[in-house]
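Report on the structure
Okay, here's what each chain looks like letter by letter:
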Protein chains: 2
Amino acid sequence: MHRDAAIEGAPTRKATCRAGSNIAFIKYWGVADPALNIPLNNSISMTLAGAHTTTTVAWDDSSSGAADSVTLDGVELQGASAARIVAHLDRLRAQAGVPWSARVVSNNNFPMASGIASSASGFAALTVAGTAALGLTLDAARLSALARRASGSASRSLFGGFVEWERGSSHSSSTARQIHDESHWPLMDLIAIVSTGAKHTSSSDGHRLAATSPFTAARTQHVDEWLATVRRAVAASDLALLGPVLELDALAMHGVMMTSAPSLLYWQPGTLEVLHALRAWREEEGLPVYFTIDAGPNVHLICEAETAPAVERRLASLPAVERIIASGPGPGAQLLGEHLF
Amino acid sequence: MHRDAAIEGAPTRKATCRAGSNIAFIKYWGVADPALNIPLNNSISMTLAGAHTTTTVAWDDSSSGAADSVTLDGVELQGASAARIVAHLDRLRAQAGVPWSARVVSNNNFPMASGIASSASGFAALTVAGTAALGLTLDAARLSALARRASGSASRSLFGGFVEWERGSSHSSSTARQIHDESHWPLMDLIAIVSTGAKHTSSSDGHRLAATSPFTAARTQHVDEWLATVRRAVAASDLALLGPVLELDALAMHGVMMTSAPSLLYWQPGTLEVLHALRAWREEEGLPVYFTIDAGPNVHLICEAETAPAVERRLASLPAVERIIASGPGPGAQLLGEHLF
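Residues numbered from 1 in each chain as written. Chains lettered and ligands numbered in written order. Predicted model: local features only at pLDDT ≥ 70, side-chain atom pairs only at ≥ 80, totals over all residues. Heavy atoms only, no water.

1. Structural notes on the overall build of chain A
Keep this limit in mind: For helices the rule is a DSSP run of H or I covering at least 4 residues; for strands it is a run of E covering at least 2, with both sets numbered from the N terminus onward. For the radius of gyration, the atom set is restricted to C-alpha positions; the globular benchmark scales as 2.2 Å times the number of residues to the power 0.38. Partly exposed describes any residue whose relative accessible area lies between the buried limit of under 20% and the exposed limit of over 50%, with all areas from a 1.4 Å probe on protein chains only and scaled to the type maximum. The contact criterion used is simple: two residues touch if any of their non-hydrogen atoms lie within 4.5 Å. Here Asp and Glu are counted as negative and Lys and Arg as positive; His is not counted, and neither are the chain ends. For charged residues, the charge sits on one atom: NZ in Lys, CZ in Arg, CG in Asp, CD in Glu.
When you go through chain A residue by residue, the secondary structure sums to 10 helices and 14 strands. Against the compact-globule benchmark of 20 Å for 341 residues, chain A has a radius of gyration of 20 Å, which places it among compact chains. The C-alpha extent of chain A, read off along each of the three principal axes, is 65 × 40 × 35 Å. Each of the 341 residues in chain A was classed as buried or not, and the buried ones make up 59%. A separation of at least 24 residues holds for 77% of the contacts in chain A among residues at least 6 apart in sequence. With 25 positive and 31 negative side-chain charges, chain A shows a separation of 5 Å between the mean positions of the two kinds.

2. Some remarks on the interface of chain A and chain B
In plain terms, the rule: Buried area: the sum, over both parts, of the accessible surface (1.4 Å probe) that disappears when the two are put together. Counted as salt bridges are all cases of a side-chain nitrogen of Lys or Arg within 4 Å of a carboxyl oxygen of Asp or Glu. Counting of polar contacts relies on pairs of N or O atoms within 3.5 Å, with two restrictions inside protein: one atom must be capable of donating a hydrogen and the other of accepting it, and residues adjacent in sequence are counted only when both atoms are side-chain atoms.
Across the boundary between the two partners, chain A contributes 26 residues, which contact 26 residues of chain B. Buried surface at the junction of chain A and chain B, both sides included, amounts to about 2,200 Å², of which 77% is carbon and sulfur. Considering only the surface of chain A that becomes buried against chain B, Pro214(A), Phe215(A) and Leu265(A) emerge as the three largest contributors, covering 25% of it. At the surface where chain A touches chain B, the tally comes to zero salt bridges. Joining chain A to chain B, the criterion identifies four residue pairs in polar contact (both at pLDDT 80 or more). Breaking the side of chain A that touches chain B down by element, the ones donating at least two residues are helix H7 (216–235), helix H8 (239–258) and helix H9 (269–285) of chain A.

3. Examining H8(A)
All names here are of chain A. This is how it is decided: Take the residue count of a helix, subtract one, and multiply by 1.5 Å to get its expected span.
The end-to-end C-alpha distance of H8, which contains 20 residues, comes to 28 Å, matching closely the 28 Å that a straight helix rising 1.5 Å per residue would cover. Across the 20 residues that make up H8, a large majority, 17, are buried. The backbone nitrogen of Ala240 has a side-chain oxygen 3.2 Å away, supplied by the residue at the start of H8, namely Asp238.

4. Quick word on the relation of the copies chain A and chain B
The cut-off we apply is this: Least squares is used to superpose the copies, and the fit set is the C-alpha atoms of residues whose pLDDT is at least 70 in both copies.
When chain A is fitted onto chain B, the two copies agree to an RMSD of 0.0 Å after a turn of 180° and an axial shift of 0.0 Å. The transformation relating the two chain copies, once decomposed into turn and shift, fits a two-fold axis. When C-alpha distances to the rotation axis are compared across chain A, the minimum falls at Pro269(A), with a value of 1.9 Å. A symmetric contact is evident, with 100% of the interface residues of chain A recurring at the interface of chain B.

5. Describing the sheet that holds strand E13 (residues 323–327) of chain B
All names here are of chain B. Basically, it comes down to this: Two strands pair if DSSP finds at least two bridges between them. Each axis is a line fitted through C-alpha atoms, taken for helices only over the stretch in contact, and angles between the N-to-C directions span 0 to 180 degrees.
Reading across from one edge, E11-E12-E10-E13 is the order of the four strands in this open sheet, with antiparallel pairing throughout. If you trace the sheet from one side to the other, it starts and ends with strand E11 (290–292) and E13, each paired once. Direction aside, neighbouring strands of the sheet carry axes that sit 25° apart on average. Pairing analysis gives six bridges linking strand E10 (residues 187–193) to strand E12 (residues 299–304), with the strands arranged antiparallel. Residue pairing in the sheet places Ile191 in a bridge with His300 of E12. Strands E10, E11 and E12 of the sheet are contacted by helix H8 (residues 239–258), whose axis makes an angle of about 35° with E11. Strands in contact with helix H10 (residues 308–316) are E10, E12 and E13; relative to E10, the strand with the most contacts, it is inclined by about 5°.

6. Topic: the pattern of salt bridges
Residues and elements named next belong to chain A. Across all of its chains, the model carries 18 salt bridges over all chains by this definition. With its nearest N and O atoms 2.9 Å apart, the salt bridge here joins Asp61 to Arg13. Of this pair, Asp61 sits in the loop between strand E4 (43–60) and strand E5 (69–72) while Arg13 sits in the loop between helix H1 (2–9) and strand E1 (14–26), and the two are 48 residues apart along the sequence. The class of Arg13 is partly exposed, set by a relative accessible area of 23%. Of the charged contacts in the structure, one is a salt bridge between Asp249 and Arg219, with a shortest N-O distance of 2.9 Å. Within this pair, whereas Asp249 is found in helix H8, its partner Arg219 is found in helix H7, the two being separated by 30 residues in sequence. On the accessibility criterion, Arg219 (3% relative accessible area) is buried. Where salt bridges share partners, they join Asp68, Asp90 and Arg93 into one cluster.

7. A few points about the packing of helix H2 (residues 80–96) of chain A against helix H4 (residues 140–150) of chain A
Residues and elements named next belong to chain A. Just so we agree on the cut-off: Each helix crossing is assigned a hand: it is left-handed if the near helix lies turned anticlockwise from the far helix by less than a right angle, otherwise right-handed if that turn is clockwise. Gly falls in the polar group here, along with every residue not listed as nonpolar (Ala, Val, Leu, Ile, Met, Phe, Trp, Tyr, Cys, Pro) or charged (Asp, Glu, Lys, Arg).
The contact between H2 and H4 brings their axes to 9 Å, and the two run at 145°. In the crossing of H2 with H4, the sense of the turn from one axis to the other is right-handed. Along the contact surface, H2 presents Arg84, His88, Arg91, Leu92 and Gln95, while H4 presents Arg142, Leu146, Ala147, Arg149 and Ala150. Class assignment for the residues of the contact of H2 with H4 results in four nonpolar, two polar and four charged.

8. What about H7(A)?
Because each turn of an α-helix spans 3.6 residues, side chains separated by three or four positions in sequence point in the same direction. For clarity, the threshold we go by: Two axes enter the bend calculation: one fitted to the seven residues ending at the residue in question, the other to the seven starting there, and the bend is the angle between them.
The terminal C-alpha atoms of H7(A) lie 28 Å apart, and with 20 residues this matches the ideal 28 Å at 1.5 Å per residue to within 8%. Considering bend angle alone, the principal kink of H7(A) is centred on Val223(A) and spans about 40°. Those residues of H7(A) lying buried are Thr216(A), Ala218(A), Arg219(A), Val223(A), Trp226(A), Leu227(A), Thr229(A), Val230(A), Ala233(A) and Val234(A). Looking at the packing, one finds that the buried side of H7(A) touches E1, E4, strand E8 (162–165), strand E9 (176–180) and H8 of chain A together with helix H7 (216–235) of chain B. Trailing H7(A) by a residue or two, Ser237(A) shows a phi angle of about 50°, which is positive.

9. Quick word on the pairing of strand E4 (residues 43–60) of chain B
All names here are of chain B. With 16 of its 18 residues buried, E4 lies for the most part within the structure. Note: E4 against strand E8 (residues 162–165), four bridges, orientation antiparallel. Following the sheet pairing, Ser43 is matched in E8 by Trp165. Direction of pairing for E4 relative to strand E7 (residues 101–108): antiparallel, over a ladder of eight bridges. Paired with Thr54 across the strands is Asn107, a residue of E7.

In short, geometric facts, not functional conclusions.
Shown next as structure tokens:
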């Protein structure tokens, strides 16, 4: 193909990045500015070592206005399903002032659209690989702001370890930064996958609906206090302090989702099976494990590394749990020497 | 037994009442005054023909300070489990100015502590039978206020059809009244029983926890608008108007419960199985059916009588549904000529 030939002739226009997904301890839900993805509140997350996206972007510098090609987990995306990625490629083209088309190949090592933030790791990797292949040198804050335009939580996946996304009030001020690196606290996220079905409503649509919930203002009002607790808990590696607020904010976000118009009910029967089991392990056996849930049915069980085998063994015995992905804190987005094509 | 002998000698000291449970369209959750059971907001309910409690109270006018005897669904209650009923008998004794002990026998025609308000029908029946057996003549508002002291929702179960409980600001002003009688609208409540296990936290304890939720103030603030919609919808027999607000307030109440400290999670896996199925029936098949959920795992499916067979057939095919109780609007609490003992 013409495009491949052009790329082969210009190897510097190609780059590959791996970025981890992240699990938010205080959630991003609801936007103050939908066009810019400026959120209603700060959020804090842990970048995951065990759930990541690897993306290669190659720009064809002999092209102008040609269609991009996007392959995700081996499937070439067409039309609407590629539109969000093409829109982000447009931002990268605008940044570099070039009309080049791109070929993008991206692979996740975890199931898509199931409450694991594939858009976080995917758009972080796309931003870093795409700008690197264009020869742009942007600092971390500018990369974070750029990734945020495509997916809010992607702004956090650029960084390793424990990360806070400052809400900010403008494109350049709404960016994430690392608060502790990945060696700070050997926390584990055991993701109990109870359903791999696609979501009824995507997170991006859901964020816009947050404004319709009677609970959004109340969550926004309380979240600063919860953020302060999470910062203190992470700094002190104090799970007993982190856990209750982790659960409270997840339940508050789902309370907002359920009471939106239309109502968003991401939970499935298996979600509740895991929640009730977890509470019993904690209350009856004293197992120090807490949960959070993203915009999907799967449950993220948060515990310290030493407790993880006991939690994983119990989780595996639950009928609703199809698969468990275990992950500690991972590194930030990194360019790789090898490419996907 | 001495007590039975005394009762047999004084037949006028014995009365039996049957009262229906009720399903709230706008929920009672949270108390402004815990001692008096004055609620945070007005509530509106439908009294159920198909789920009721029958209670016989006999006072022993030869006794003074002797222990009461309470038999519920064939089991004689001891100690703490009888305490709430004995406390209400104390209120009735105080009302009449007598020291007599009582024998109470009460039967529900539905499972206890499973999200069907057995305390509503039970305390309504106890109040009416107990005061009648004492020869007290109280008007409906005073009976409602008296029943409210034992169980908030019992204040509504005194009345048939569609009922609103005015929040009020004092013992005598916090009472329920009928807004439409049971012939007004042939609405059906199909109660999908997904778990007959006892609740982890009773409603009475839960009401006190509402104050700890970040969402309670927001729900209280929005509920007046929802009440107005429900009044209009019931007056016009308009299910399409009633349904969305019915679901919203149920989800809002569970959002409050989940974010209380400690968090109350009344839902079970089967709850979500029914909710997702119901949404699919409505969205994909156009079936006009809506849900509400009390402080328990069971789902109340609200539809018009003509739709009920189609809903019931679908419900019966769901693996999680153990049993269905179908009920239209029922009459208010009524004294019966026959007694349980």
